[in-house]
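Read off the chains here:
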Amino acid sequence: MPPRPEDTEDPPRPSSNGDNDTIQPICSALASRMKTFLNTEAPTPLLKTVQEQTRIALDVIEEALRRYSLEEISLSYNGGKDCLVLLILLLVSLSTHPTPPRALQTVYIISQHPFAEVDAFVTASVATYKLDLVRYAMPMKAAFKLYLEEHRAVKAILVGTRRTDPHGANLSHFDSTDMGWPAFMRVHPVIDWHYREIWAFIRHFEIPYCPLYDQGYTSLGGTTDTHPNPVLKAGGEGGEAEPGDENFRPAYELVEDEAERLGRDWK
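Cut-off values and rules
- Residues numbered from 1 in each chain as written.
- Predicted model: local features only at pLDDT ≥ 70, side-chain atom pairs only at ≥ 80, totals over all residues.
- Heavy atoms only, no water.
- Helix = DSSP H or I, 4+ residues; strand = E, 2+ residues; numbered from the N terminus.
- Buried < 20%, exposed > 50% of the residue type's maximum accessible area, 1.4 Å probe, protein only.
- Contact = heavy atoms within 4.5 Å.
- Areas by Shrake-Rupley, 256 points an atom, 1.4 Å probe, with all protein chains shown as cover.
- Axes fitted to C-alpha atoms, helices over the stretch in contact; angles between N-to-C directions.
- Parallel < 35°, antiparallel > 145°, perpendicular 65-115°, else oblique.
- Left-handed = near helix turned anticlockwise from the far one by under 90°.
- Nonpolar A, V, L, I, M, F, W, Y, C, P; charged D, E, K, R; others polar.
- Pairing = 2+ DSSP bridges.
- Right-handed = clockwise from strand over helix to strand, strands pointing away.

Engineer: So what about the overall build of the protein chain? Which residues, and what values?
Structural biologist: Within the protein chain one finds six helices and six strands. Starting at the N terminus and walking to the C terminus, you meet the elements of the protein chain as α-α-β-α-β-α-β-α-β-β-β-α. Scored against the burial criterion, the 267 residues of the protein chain give a buried share of 51%. A separation threshold of at least 6 residues defines the contact pool for the protein chain, and within that pool the share at least 24 residues apart is 72%. Of the roughly 13,200 Å² of accessible surface on the protein chain, a fraction of 52% belongs to carbon and sulfur atoms.

Here is the structure:
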């Protein structure tokens, strides 16, 4: 989250040099930028909506921090755009915590056929944001079961699910896992965010993101079921592509929520 030219103060940038024993410097730097954003009149209607969504999400995270200790909270993180926004919001919320952790408890459930770019971005996130990240290359249910067995204090996991995601339509901010799943509280701070709002947040704060999004990918799964979104093919949405043109515009140029997963093969 590098400083923007219009900022009047120059907060420290997140660092991974190990000079501090906790994540406090990272959290403080992000919180300073967030305070400026929320206290400044939004220049566009979209950013005004993002401000409103951000306040709601921060309230949900604060409620989670009231209900659970830091040892009882973890973050599900796979390097995607939604959980990236959630990670930033969680770090902002931890800026005022009286006992910030040395690193943030995080679980990464790896796709059966992972993109090298996704794995590389997750690894970079570990260093940038000081994540205590555990990787599992297995189905989601089995991965969460093993994670909870190995981290018995964890009672709640923050998830970047949005309402337009598969199985997201009826979720609330706090939902216990369904019958037959490992028992924990799912916390969904960004459940009501729209696709455009996610990207407006990321681009406003200039947050580094997985490079696949610049190649037309809008929803990341595995290499066998994920492709660039056809809506973003050069010449789409009113333009005309040259024959054989396989160039795609970046993910942030997509507008409609309903088109987000047109690059995924659903079985």
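Engineer: An account of the packing of helix α1 (residues 24–38) against helix α2 (residues 45–67) is needed here, citing residue identities and associated values.
Structural biologist: In a packed pair of helices, the relevant descriptors are the angle between the two axes and the axis-to-axis distance. Between α1 and α2, whose axes approach to 10 Å, the crossing angle comes to 130°. Regarding the angle of α1 to α2, the classification is oblique. Considering the relative orientation of α1 and α2, their crossing is left-handed. In contact with M34, F37 and L38 of α1, α2 contributes L47, V50, Q51, T54, R55 and L58. Looking at the contact of α1 with α2 residue by residue, the class counts come to six nonpolar, two polar and one charged.

Engineer: Pulling in residues and values, what's your account of helix α6 (residues 195–204)?
Structural biologist: Of all ten residues that make up α6, eight are buried, and the element is covered over most of its length. Considered for burial, the residues of α6 that qualify are Y195, E197, I198, W199, A200, F201, I202 and H204. Looking at the packing, one finds that the buried side of α6 touches α1, α2 and α3 (81–93).

Engineer: Lay out the packing of α1 against α3 with the relevant residues and their values.
Structural biologist: Interaxial distance between α1 and α3 falls to 8 Å at its minimum, and their mutual angle equals 100°. Classified by the angle between their axes, α1 and α3 sit roughly perpendicular to one another. Mapping the contact onto sequence places I26, C27, L30, A31 and M34 in α1 and I88, L89, L91 and V92 in α3. Along the lines of polarity and charge, the residues of the contact of α1 with α3 split into nine nonpolar, no polar and no charged.

Engineer: For the sheet that holds strand β1 (residues 73–76), give the residues involved together with the corresponding values.
Structural biologist: In a beta sheet, neighbouring strands are held together by backbone hydrogen bonds and run either parallel or antiparallel to one another. On the basis of which strands lie adjacent, the open sheet formed by six strands has the order β3-β2-β1-β4-β6-β5 and mixed pairing. The two strands at the open ends of the sheet, each matched to only one other strand, are β3 (131–136) and β5 (174–176). Going across the sheet, the axis of each strand differs from the next one's by a mean of 30°, ignoring polarity. Relative to strand β6 (residues 185–187), strand β4 (residues 156–158) is paired through three bridges, and the arrangement is parallel. Of the residues in β6, the one forming a bridge with L158 is V187. On the sheet, α2 packs against β1, β4, β5 and β6 and is oriented at approximately 50° with respect to β5. Each of β2 (104–109) and β3 is contacted by helix α4 (residues 116–129), which is oriented at about 155° to β3, the strand it contacts most.

Engineer: Describe the pairing of β3, naming the residues involved and giving the relevant values.
Structural biologist: When β2 meets β3, the two strands line up parallel, connected through six bridges. Paired with V107 across the two strands is V134, which belongs to β3. You can see the chain leave β2, run along α4 and come back into β3, and the turn it takes is right-handed.

Engineer: An account of the side chain of S125 is requested, with residue identities and associated values reported.
Structural biologist: Looking at where S125 falls in the secondary structure, it is placed in helix α4. Among the residues examined, S125 registers a relative accessible area of 2% and is labelled buried. For S125, the residues in contact, after removing those within four places along its chain, are Y77, K130 and L131.

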